[in-house]
Amino acid sequence: MTTEAIHEDLNEAHDDHDHGDHKPTGFLDRWLFTTNHKDIGTLYLVFSLTMFMIGGAMAMIIRAELFMPGLQLVEPDFFNQMTTMHALIMVFGAVMPAWVGFANWLVPMMIGAPDMALPRMNNWSFWILPFAFTMLLSTLFMDSGGPAAGWTLYPPLVLQTGSSFAFVVFAVHMMGVSSIMGSINIIATIFNMRAPGMRLLRMPMFVWTWLITAFLLIAVMPVLAGAVTMLLTDHFFSTNFFNAAGGGDPVMFQHIFWFFGHPEVYIMILPAFGVVSEILPTFSRKPLFGYGSMVYATATIAFLSFIVWAHHMFTVGMPLQAELFFMYATMLISVPTGVKVFNWVATMWQGSMTFETPMLFAIGFVVLFTIGGLSGLMLAITAADFQYHDTYFVVAHFHYVLVPGAVFALMAATYYWLPKFTGNMYSEKWGKIHFWSSAIFVNVLFFPQHYLGLAGMPRRIPDYSPQFADFNMISSIGGFAFGATQLIFVGIVWHCAFRSKVRATPEVWEGSRGLEWTLDSPPAYHSFNTPPEVTCNALSRAD
Amino acid sequence: MKKENTIIVALAVLAAVIAATWLILVAPALTGNEINMTKGVTQQSADHFDLHMIVLWICVVIGIAVFTVMFTSIVLHRKSRGHKAAKFSHSTKAEIIWTIIPVLILVVMAVPATTALVRMEDSSGAEMTVKITGFQWRWKYEYLDQDISFISSLDSSSNAARQLNSGVTPESVDNYLLDVDHPLVLPVGRKIKFLITADDVIHSWWVPALGWKRDAIPGFVNEAWTNIEKPGTYRGQCAELCGKDHGFMPIVVIALAEEEFDSWVNEQLAGKTQSDQQVTVR
């Protein structure tokens, strides 16, 4: 907003306001047939929040059963269905669609494009999801029950699932199709629709991290589709891909799965890196430190994510050389990740910080993600992993990087951009209550799980020896409180969208930089019909 | 902001971060609960414990350093204190430093990590061999040199108590969920090779005091070994999700002095016919 070019463009946007605001009337036309990136973004985000609540309810059942030793509430098989479904729902239904939702809203606005490159495919890639997850959830009501072999779907165990397994596989296929189409769309948009002057190395970090994430998705979702298809034929058509008795190899599945699964981890966290790299500069009132190395670090992490998969399977009995290779490669990931953390701290250093809710969640992210990253470094040490593997230490580790990691970044992004999306400010007071309560209880929930794992509690068990009772009870209390806290979040979002009387300015935040803040809040239904001219002063980075 | 102030604040923040670290890493142990990895009773478990502690301390120091800088900045560089934002946006020198230092730390960590792993994977020179077969939801042990074999399952009192709403409080059962009918009996001071496999789905044989777990996979025979230094009873559990009763297939190892082990072997061989029948009945 410091250059004339952008001022002019802003004025033009004002003039265009009516013209650009032709929303389709009628519920079905507006939402079912929509090709508008903002509407589709909203659909993704609402869907994701719904799945977050369903997956969260499953986590509550898990923590309730683990509240004390002995089985009180559910049978072990149902417990296993809950752990399996909780993970599938949270990974594929909550975190991934939430990032696609933000990408839909933000990528066009951040690069000065009027919409996504492939708007009809955009509609389709969203509308597949409700059907996929309805089908997945429906397995819980089938006679043979839902999948209970863990979200990793390891054979031979997963082949003991009844006929509902076909529905699980088809649901995974549909999620994969949706993700691939979403990624193609994001890549096509970023490569073809940037406004003049928006060179690649000027793009906001969120756009960069999503570009790299999209390539990861295209590379690995077909691998997952292949793996589950082989499971399907093993189950129903007497093939022996993973059946040792028929000449197949059950460990091969794990290699294929984790070749998908490890990049998948970064698919969930790279956009979070992008969000934090947007928010910290805004509230530090200082440019992002080391933009260039942030981009290269992201790319390096993405590359390394393809050559570390077998650290998830150190105990399957690999040759020593393979174990050494995967240990060293995994340890290396901490270098680019460390660069990111150091750069974030350097961004805050000597800034002029304020602590609105997005900033609080971003700082919470940096602290707690770092803790999760450090326990990840511990897990990389193969010999020590012979003790850590498949214990609650692992559960604590990946929940630290996914909940106060990816989910906190999603919360931060919501508070940061929701005023832009809705045109209203959320309640800062309730936002802060939500942050502090989340930050405290997420640690009460997950930190004791480190102790449990080290003391010897395996994961995925519905009942445990009384020596683990104290910390399980503390963890469950933290879990219930964390779960209840997220209802506050739903209330805040609803209030901001429909009830808030405080209008947001176009900039929303004092220190915000980037093209999306040059648009009205909320932006016109069709924004940037004429491409803006991009000068580096308007961007969230300094050259 | 004067330089002295920055140092004073940084020291105060450092003290707070160290106090927080103590609170989460040390204080919980004061409740009497076990919160750390066991040192165990083998060279391997000691190796893995040492490795764990080395890496943990490195991580703790890195974490303390990063969080001290970060929270010092949060205390000092805030708008409400009238701090004006600096303009710098990169420093090649700083970025090279914080790329190279982590690499050096990794190299330091890699040395003991590699040594321990090489030692773990060397099962040569074993004096006896036990074949372990996992199946839903029991373990079968075969002493290949002594011609003894038996099946080990969850002890009946745990099994009764673990049923949904059994009405039996777990605390009233000795070693709830960690007791079996036929424990694996092993000698101390002898290098024992394990051949680990499975009959149906994947399991994982884990006794924390021995220092490792290894997956039991149908169609594969995995090797692992131990050399127990101290007689005693060591308990563990299946560590790979293997179906509904995954949480209910514990492992108990009883380590006996050599001569006691030999007399146990003779006892077993004497009653072999009987125990064979038991196995067949199962």
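Residues numbered from 1 in each chain as written. Chains lettered and ligands numbered in written order. Predicted model: local features only at pLDDT ≥ 70, side-chain atom pairs only at ≥ 80, totals over all residues. Heavy atoms only, no water.

Draft legend 1. Broad picture of the sheet that holds strand β3 (residues 148-152) of chain B. Residue and element names in this part refer to chain B. As summarised here, the arrangement of the five strands in space is β3-β2-β1-β5-β8, forming an open sheet in which the pairing is mixed. Every other strand in the sheet has two partners, leaving β3 and β8 (222-226) as the edge strands with one partner each. Mean inter-strand twist for the sheet, computed between neighbouring axes without regard to direction, equals 20 degrees. Two strands pair when backbone bridges link them, and strand β1 (residues 128-135) and strand β2 (residues 138-143) are joined in this way by six bridges, in the antiparallel orientation. Counterpart to T133 in the pairing with β2 is K140. Here helix α5 (residues 258-270) sits on the sheet in contact with β1, β2 and β3, set at roughly 90 degrees to β3. (Pairing = 2+ DSSP bridges. Helix = DSSP H or I, 4+ residues; strand = E, 2+ residues; numbered from the N terminus. Axes fitted to C-alpha atoms, helices over the stretch in contact; angles between N-to-C directions. Contact = heavy atoms within 4.5 Å.)

Draft legend 2. Focus on the interface of chain B and chain A. Contacts between chain B and chain A engage 92 residues on the former and 96 residues on the latter. Summed over both sides, the interface between chain B and chain A buries roughly 7900 Å², with carbon and sulfur atoms accounting for 69% of that surface. On the chain B side of the contact with chain A, B:W98, B:L164 and B:L241 bury the most area, a combined 9% of that side's loss. Across the chain B-chain A interface, the total number found is one salt bridge. The partner of B:K79 in a salt bridge is A:E510, with the nearest N and O atoms 3.0 Å apart. Taken together, chain B and chain A are joined by 28 residue pairs in polar contact (both at pLDDT 80 or more). Residue assignment for the side of chain B that touches chain A shows that the elements contributing at least two residues are α1 (3-25), α2 (43-76), α3 (92-120), β7 (212-216) and β9 (232-238) of chain B. Looking at the side of chain B that touches chain A, the element that brings in the most residues is α2(B), giving 16 residues. Tallied by class, the residues present in the side of chain B that touches chain A amount to 48 nonpolar, 28 polar and 16 charged. (Buried area = accessible area lost by both parts, 1.4 Å probe. Salt bridge = Lys/Arg side-chain N within 4 Å of Asp/Glu carboxyl O. Polar contact = N/O pair within 3.5 Å; in protein donor to acceptor, adjacent residues only side chain to side chain. Nonpolar A, V, L, I, M, F, W, Y, C, P; charged D, E, K, R; others polar.)

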